Amino acid sequence: MKEWDSFDQIKSAKGVWLVDSKGNKILDAVGSMWCNVWGHSNPELINAITTQSKKLQHSSMFNLTNEPAEKLAEYLVKISPKMNKVFYSDNGSSAMEIAIKLALQYWKNIGEKNKTRIATLENGYHGDTFGAMSVGYVPEFFGKFKKQLFTTLQFPVPNKYRIPKEFSFLDYQNQCIEKIEKEFSQKNNIAAFIMESGAQVAGGVIIYPKDFQRKISVLCKKYNVLFVLDEIATGFGRLGSMFQYEEQKSIPDIVAYGKMLTGGYLTLAATLANKKVYDSFLGEFNDWKHLFHGHTYTGNPIASSVALENLKMYKKYNLIKKIQKTSKVFEQHYQRISEIDIVGDIRHKGMLMGIELVSNKRKKTPITTKKSINKIFFEEGKKNGIYLRTLGNIVMLVPPLVITESELNLLLERTISTIESAKSKII
Ligand SMILES: Cc1ncc(COP(=O)(O)O)c(C=O)c1O
């Protein structure tokens, strides 16, 4: 970390613009770490926070509840097809830990002691806690802890840009699904299949081809495996639909929400389960079927209030339609971005774009440097008035969902200039 000898301080923000302590206005291409919906300083969201903060700031969810948390749970169940119950936490990693515990304990609760293994996709990311690291193993992030992580069955993901030589893309997709089916048919100890919904984001913006997720959900039903989806980065409109599981026609047993749930203003996450899973936890006290899990700030009323306001605004302002329209602006820039000689691939859906940088276009060699690419892009981005962050060799564009067409055009122009100027620093 030595290369980060100082940090810019953000003093205020409005809309898609961050303002630092020197008064520089910087376009937020990271969307507050992929969670900002309505831009910064939105009056309706601020009002939800201030109104609730005068009534009740926090109270325990152990033996008690509070009105905003109840209302939000009701609303989440209403808008989440086939989901029945909500378990709160306060960050995405915890929501995934809860999903893992629910899935494993479900089988214990119904007397199937043998179902203890978890299946996942290679290169998935579900957070930085130990359970989440185990089910979302990205080698670069988690290699140092490999010995302490529990093992999972991992299956390949069809990434169109990097399919094995002997395959067509369609053949490779079929092979990926066949591998899962083969394993499911031979093993009867698989408790759950856990995957990001719609796309792998931190693992390099791998957008699943049509039907991939649906086919896995079908296999889960066929072989009696719980299907667990992580919508933390992709739900609530990031990929252009409210929930990817709905768009992909792949109903889960358990689903985790986070990030954009509060519009990016306060920390809250939720793990939803269907009735089948929930019912398995019902019993007399001495049956010990209940879930032992709870965080201090679970169901925080201020966070729940702002989340409810945020979600109601989706309908009020027809946000999903707006995202679908604005998202087309990305397409107008494909050509120019792909012509840059260090750009190997562009992957885009909704309000998410990953630009993969390579040192050799033909061989698709991922670009590497002595200095971190992230740092180079951060510095060059700053010169161009844009806050950019890369993950490995992927430039990530994840702006606030409400970004306007002209702001998005500006963001893409500045991204192009940044890649051009970073190029000389990298090669
Ligand atoms: C798909 C996915 N799941 C889980 C997480 C973890 O969420 P948090 O950072 O809130 O713990 C992330 C964070 O980026 C994510 O992208």
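Criteria and cut-off values
- Residues numbered from 1 in each chain as written.
- Predicted model: local features only at pLDDT ≥ 70, side-chain atom pairs only at ≥ 80, totals over all residues.
- Heavy atoms only, no water.
- Phe/Tyr/Trp six-rings, centres within 6.5 Å; stacked < 30°, edge-to-face > 60°.
- Helix = DSSP H or I, 4+ residues; strand = E, 2+ residues; numbered from the N terminus.
- Buried < 20%, exposed > 50% of the residue type's maximum accessible area, 1.4 Å probe, protein only.
- Lys NZ or Arg CZ within 6 Å of the ring centre and 35° of its normal.
- Domains from an automatic or database assignment.
- Contact = heavy atoms within 4.5 Å.
- Buried area = accessible area lost by both parts, 1.4 Å probe.
- Polar contact = N/O pair within 3.5 Å; in protein donor to acceptor, adjacent residues only side chain to side chain.
- Nonpolar A, V, L, I, M, F, W, Y, C, P; charged D, E, K, R; others polar.
- Pairing = 2+ DSSP bridges.
- Axes fitted to C-alpha atoms, helices over the stretch in contact; angles between N-to-C directions.
- Parallel < 35°, antiparallel > 145°, perpendicular 65-115°, else oblique.
- Left-handed = near helix turned anticlockwise from the far one by under 90°.
- UniProt positions renumbered as here; feature names shortened; annotations may be inferred.
- Salt bridge = Lys/Arg side-chain N within 4 Å of Asp/Glu carboxyl O.
- 1 Å grid on protein atoms, 1.4 Å probe; cavity = no way out; pocket = protein on both sides within 12 Å on 5 of 7 lines; lining within 4 Å.

The tally for this structure, following the rule as stated, stands at 21 aromatic pairs. When the ring of tryptophan 4 is compared with that of phenylalanine 378, the centres are 5.2 Å apart and the planes differ by 55°; the resulting orientation is tilted. With a gap of 374 residues between them, tryptophan 4 in the segment before strand S1 (10-14) and phenylalanine 378 in helix H15 (residues 373-383) connect regions that are remote in the sequence. For tryptophan 4, a relative accessible area of 18% corresponds to the buried category. In this structure an aromatic cluster arises from ring pairing among Trp4, Phe7, Phe378 and Tyr387. If you follow lysine 25 out to its NZ or CZ, it ends over the ring of tryptophan 17, 4.8 Å from the centre. Geometry around tyrosine 278 places lysine 85 over its ring, the cationic atom sitting 4.6 Å from the centre.

Right, let's talk about the domain arrangement of the protein chain for a bit. As far as domains go, the protein chain holds domain 1 (10-34 + 322-426) and domain 2 (46-316). One C-alpha centre belongs to domain 1, the other to domain 2, and the line joining them spans 27 Å. In this complex, domain 1 contributes 24 residues to the contact, which on the side of domain 2 involves 22 residues. Contact with domain 2 buries surface across domain 1, with Trp34, Arg347 and Lys349 losing the most and accounting together for 36% of the total. The interface formed by domain 1 and domain 2 contains 11 residue pairs in polar contact (both at pLDDT 80 or more). Those elements that place two or more of their residues in the side of domain 1 that touches domain 2 are helix H1 (31-34), helix H12 (319-326), strand S13 (343-349), strand S14 (352-360) and strand S18 (394-397). A breakdown of the residues in the side of domain 1 that touches domain 2 according to their chemical character gives 13 nonpolar, 5 polar and 6 charged.

For the rest of this paragraph, the subject is the side chain of asparagine 42. Relative to the assigned elements, asparagine 42 resides in the loop between H1 and helix H2 (43-55). From its side chain, asparagine 42 meets the backbone nitrogen of leucine 45 in a polar contact 3.1 Å long.

Looking now at the sheet that holds strand S5 (residues 117-121). Spatial ordering of the open sheet is given by S4-S12-S11-S10-S7-S5-S6, a layout of 7 strands whose pairing is mixed. Each edge of the open sheet is held by one strand with a lone partner, namely strand S4 (85-89) and strand S6 (153-155). Going from strand to strand, the sheet's axes swing by 20° on average, the running direction of each strand aside. For strand S10 (residues 226-230) and strand S11 (residues 254-257), the ladder comprises 3 bridges, and the chain directions are parallel.

Attention shifts here to the packing of H2 against helix H11 (residues 301-316). Look at H2 against H11: their axes get within 8 Å of each other, and the N-to-C directions meet at 150°. The orientation of H2 with respect to H11, classified from their angle, is roughly antiparallel. For the element pair H2 and H11, the recorded crossing hand is right-handed. Between H2, through Glu44, Leu45, Ala48, Ile49, Gln52 and Ser53, and H11, the contact on the second element is made entirely by Pro301, Ile302, Ser305, Val306, Glu309, Asn310, Met313 and Lys316. Per-class residue counts for the contact of H2 with H11 are 7 nonpolar, 4 polar and 3 charged.

Turning our attention to the UniProt feature "modified residue: N6-(pyridoxal phosphate)lysine" (unreviewed entry) in the protein chain. The UniProt record annotates "modified residue: N6-(pyridoxal phosphate)lysine" (unreviewed entry) at Lys259. For lysine 259, the position within the fold is in the loop between S11 and strand S12 (269-273). Contacts of lysine 259, omitting those with residues within four sequence positions, involve Met33, Trp34, Cys35, Ile232, Ala233 and Gly264. Looking at lysine 259, its side chain comes within polar contact range of the main-chain oxygen of methionine 33, at 3.2 Å.

We now examine the sheet that holds strand S2 (residues 17-20). Strand order in the open sheet formed by 4 strands is S1-S2-S3-S16, and the pairing between neighbours is mixed. Each edge of the open sheet is held by one strand with a lone partner, namely S1 and strand S16 (386-387). Relative to S16, strand S3 (residues 25-28) runs parallel, the two being bridged by 2 bridges. Directly across from leucine 27, in S16, lies its bridge partner isoleucine 386.

The next subject is unusual backbone geometry. With phi around 70°, lysine 82 is a residue other than glycine that occupies positive phi space. Notably, valine 205 is not glycine yet its phi reads approximately 55°, a positive angle. Note that valine 205 resides in the loop between strand S8 (199-200) and strand S9 (206-207). Residue class for valine 205 comes out buried when judged on its relative accessible area of 0%.

What follows concerns the pattern of salt bridges. For the structure shown, the criterion picks out 20 salt bridges. In this structure, aspartate 253 engages lysine 276 in a salt bridge whose closest nitrogen and oxygen atoms are separated by 3.8 Å. Remark: lysine 276 occurs in helix H10 (residues 275-280) and aspartate 253 occurs in the loop between helix H9 (244-247) and S11; sequence separation between them is 23 residues. By relative accessible area, lysine 276 is classed as partly exposed at 39%. When salt bridges that share partners are traced, they join Arg162, Asp345, Arg347 and Glu356 into one network.

Glancing now at the UniProt feature "binding site: substrate" (unreviewed entry) in the protein chain. The feature "binding site: substrate" (unreviewed entry), as annotated in UniProt, sits at Tyr125, Lys259, Gly294 and Arg389 in this numbering. Taken along the chain, the residues just named run across 265 residues; in space they spread out, the farthest C-alpha pair reaching 32.8 Å. The subset of these annotated residues that lines the largest cavity comprises Arg389. Tracing the sequence through the fold places glycine 294 in the loop between H10 and H11.

Turning next to the packing of helix H3 (residues 67-79) against H11. Each packed pair of helices is defined by two parameters, the angle between the axes and the distance between the axes. Where H3 contacts H11, the two axes come as close as 8 Å, and the packing angle between them is 35°. Where H3 crosses over H11, the two elements pack in a sense that is left-handed. Mapping the contact onto sequence places Pro68, Ala69, Lys71, Leu72, Tyr75, Leu76 and Ile79 in H3 and Pro301, Ser304, Ser305, Ala307, Leu308, Leu311 and Lys312 in H11. Counted by class, the contact of H3 with H11 contains 10 nonpolar, 2 polar and 2 charged residues.

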